Amino acid sequence: IEEMSLYGVGLNVTIQKILLDLKLHLTRQGGLGPRNLARVFRNLDKNQNGKLDIKELEAGLAEIGFFPKIVDLQALVKYFDLDGDGNLSHAEFVRALREPLNPRRRKMVEKIFRSLDRDRSGVIEVIDVINIYDTSRHRDVKSGRKTKEEVLADFLSGFEGAAGNRDGRITIDEFLDYYTDLSVTIPSDDLFIESLSSAWGIQEEDKDEIASQEIKEIIKNLRAKLTGKTTGAHDEFLLRKIYKDFDTNGSGFITLDELAALLMKLGIAVHRKYLAAILAKLDKNGNGYIEFEEFVNFLFNDPYA
């Protein structure tokens, strides 16, 4: 249930699996950043109409070596086709492949929501947000790309437009969903935090403390998901099987890139700059790899205890 929630309520296992497989495939071909996703979309969009139909999606993915079943593609398009036209727009395509907010970004978004949710009901009124949200310092307004009114309209459309439910209220899940979409377009954590701080007048906490806490939360989450696969058993055969699943090149070690793939498979969003620190926490002998014995030690001994 936790992993499914990364993509939205009601996302079935078939769609979840094809998304994970496609993400891993695209990661090996340039990553899931906005520029690469835009490039992939352009290559898939053969008739250049700004939308992908099933045939374009199937043919284009085959060109890059990805061959899902047609019924799986149909399910994927149906789920993420917000406007119901039977195609995937660029925005819908990016939304399907977006990464969840990493801990630092999520913490900032939740902090802002708590400041708006004065009665702690878990819901804020759109009209109240309009009176607080400052568009004058938005990066698109400052650059002249959009007016303050256009930026506000874009913001509200996330809740009251095609992607929203038009009920005049914003839940924490809707708030997080909106900023998960926005996050895809801002590669830098610092820029993301700065844009939110400018819009809402709310400051982040000390950066060094944030980084330390973020790494700790990632490692805690990683241990929980891995130990869940063992069901608490110290069965060496099972442990070696799990280890080999992540040692994709069969070297007998888990490398930094394999650690990144491991985290993605487990649905854990991590900024690449933290990978070395995470690996170092598991790599007890300091040789730059995670050996099987270190892997087992990590599973059954909390590095922060």
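Residues numbered from 1 in each chain as written. Predicted model: local features only at pLDDT ≥ 70, side-chain atom pairs only at ≥ 80, totals over all residues. Heavy atoms only, no water.

Chemist: With reference to specific residues and values, describe the overall build of the protein chain.
Modeler: Across its full length, the protein chain holds 17 helices and four strands. Burial status across the protein chain gives 43% buried among its 305 residues. Taking contacts inside the protein chain between residues at least 6 apart in sequence as the whole, the part at least 24 apart equals 60%. Entry remark: accessible area of the protein chain is about 16,100 Å², with carbon and sulfur atoms responsible for 53%. (Helix = DSSP H or I, 4+ residues; strand = E, 2+ residues; numbered from the N terminus. Buried < 20%, exposed > 50% of the residue type's maximum accessible area, 1.4 Å probe, protein only. Contact = heavy atoms within 4.5 Å. Areas by Shrake-Rupley, 256 points an atom, 1.4 Å probe, with all protein chains shown as cover.)

Chemist: Provide a residue-level description of empty space enclosed by the protein, including the pertinent values.
Modeler: One pass over the full model with this rule turns up six cavities of 30 Å³ or more. Volume-wise, the largest cavity comes out at about 100 Å³. As for the largest cavity, its lining consists of Tyr133, Arg137, His138, Arg139, Tyr179, Leu182, Ile186, Ser195, Leu196 and Ala199. Among the elements that line the lining of the largest cavity, the one with the most residues is helix α12 (residues 189-200), at three residues. Here the lining of the largest cavity is built from residues that sort into six nonpolar, two polar and two charged. (1 Å grid on protein atoms, 1.4 Å probe; cavity = no way out; pocket = protein on both sides within 12 Å on 5 of 7 lines; lining within 4 Å. Points joined across faces, edges and corners; volume = space filled by probe spheres on them. Nonpolar A, V, L, I, M, F, W, Y, C, P; charged D, E, K, R; others polar.)

Chemist: Hey, could you go over the confidence of the model for the protein chain for me, with residue numbers and the actual values?
Modeler: With 89% of its residues at a pLDDT of 70 or more, the protein chain has an overall mean of 82. Least confident of the elements in the protein chain is helix α1 (residues 2-5), whose mean pLDDT is 34; most confident is strand β1 (residues 51-52), at 93. Throughout residues 1-11 the model reports pLDDT below 50, and contacts reaching past four residues in sequence, or to other chains, amount to 20 contacts. (pLDDT = per-residue confidence, 0-100.)

Chemist: Before we move on, can you summarise unusual backbone geometry with the specific residues and values?
Modeler: Non-glycine residue Gln48 carries a positive phi angle of around 55 degrees. Mapped onto the fold, Gln48 is located in the loop between α3 (34-44) and β1. Residue classification places Gln48 among the exposed positions, given a relative accessible area of 54%.

Chemist: Hey, could you go over the side chain of Asp45 for me, with residue numbers and the actual values?
Modeler: Looking at where Asp45 falls in the secondary structure, it is placed in the loop between α3 and β1. At 9.0 Å, Arg42 is the nearest oppositely charged side chain to Asp45, a buried residue that forms no salt bridge. Asp45 has contacts with Gly50, Lys51, Leu52 and Glu56, leaving out every residue within four places of it along the chain. (Lys, Arg positive; Asp, Glu negative; His and termini not counted. Salt bridge = Lys/Arg side-chain N within 4 Å of Asp/Glu carboxyl O.)

Chemist: I'd like to hear about the pattern of salt bridges, residue by residue, with values.
Modeler: Enumeration according to the criterion identifies 13 salt bridges in this entry. Among the ionic pairs, Lys17 bridges to Asp21, the shortest N-O distance being 2.8 Å. Separated by four residues within a single helix, Lys17 and Asp21 lie in helix α2 (residues 13-27), roughly one turn from each other. Residue classification places Asp21 among the partly exposed residues on the basis of a relative accessible area of 29%. The partner of Glu236 in a salt bridge is Arg240, with the nearest N and O atoms 2.9 Å apart. Of this pair, Glu236 and Arg240 both sit in helix α14 (residues 236-246), four residues apart, which is roughly one turn of that helix.

Chemist: Residue-level account of the packing of helix α7 (residues 103-116) against helix α11 (residues 172-184), with values.
Modeler: Put simply, α7 and α11 touch, their axes get as near as 10 Å, and they point 140 degrees apart. Here α7 is positioned oblique relative to α11, judged by the angle of their axes. Between α7 and α11 lies a crossing of right-handed hand. Each of Arg105, Arg106, Val109, Glu110, Ile112, Phe113 and Leu116 in α7 lies in contact with α11, whose residues at this interface are Ile172, Phe175, Leu176, Tyr179 and Ser183. (Axes fitted to C-alpha atoms, helices over the stretch in contact; angles between N-to-C directions. Parallel < 35°, antiparallel > 145°, perpendicular 65-115°, else oblique. Left-handed = near helix turned anticlockwise from the far one by under 90°.)

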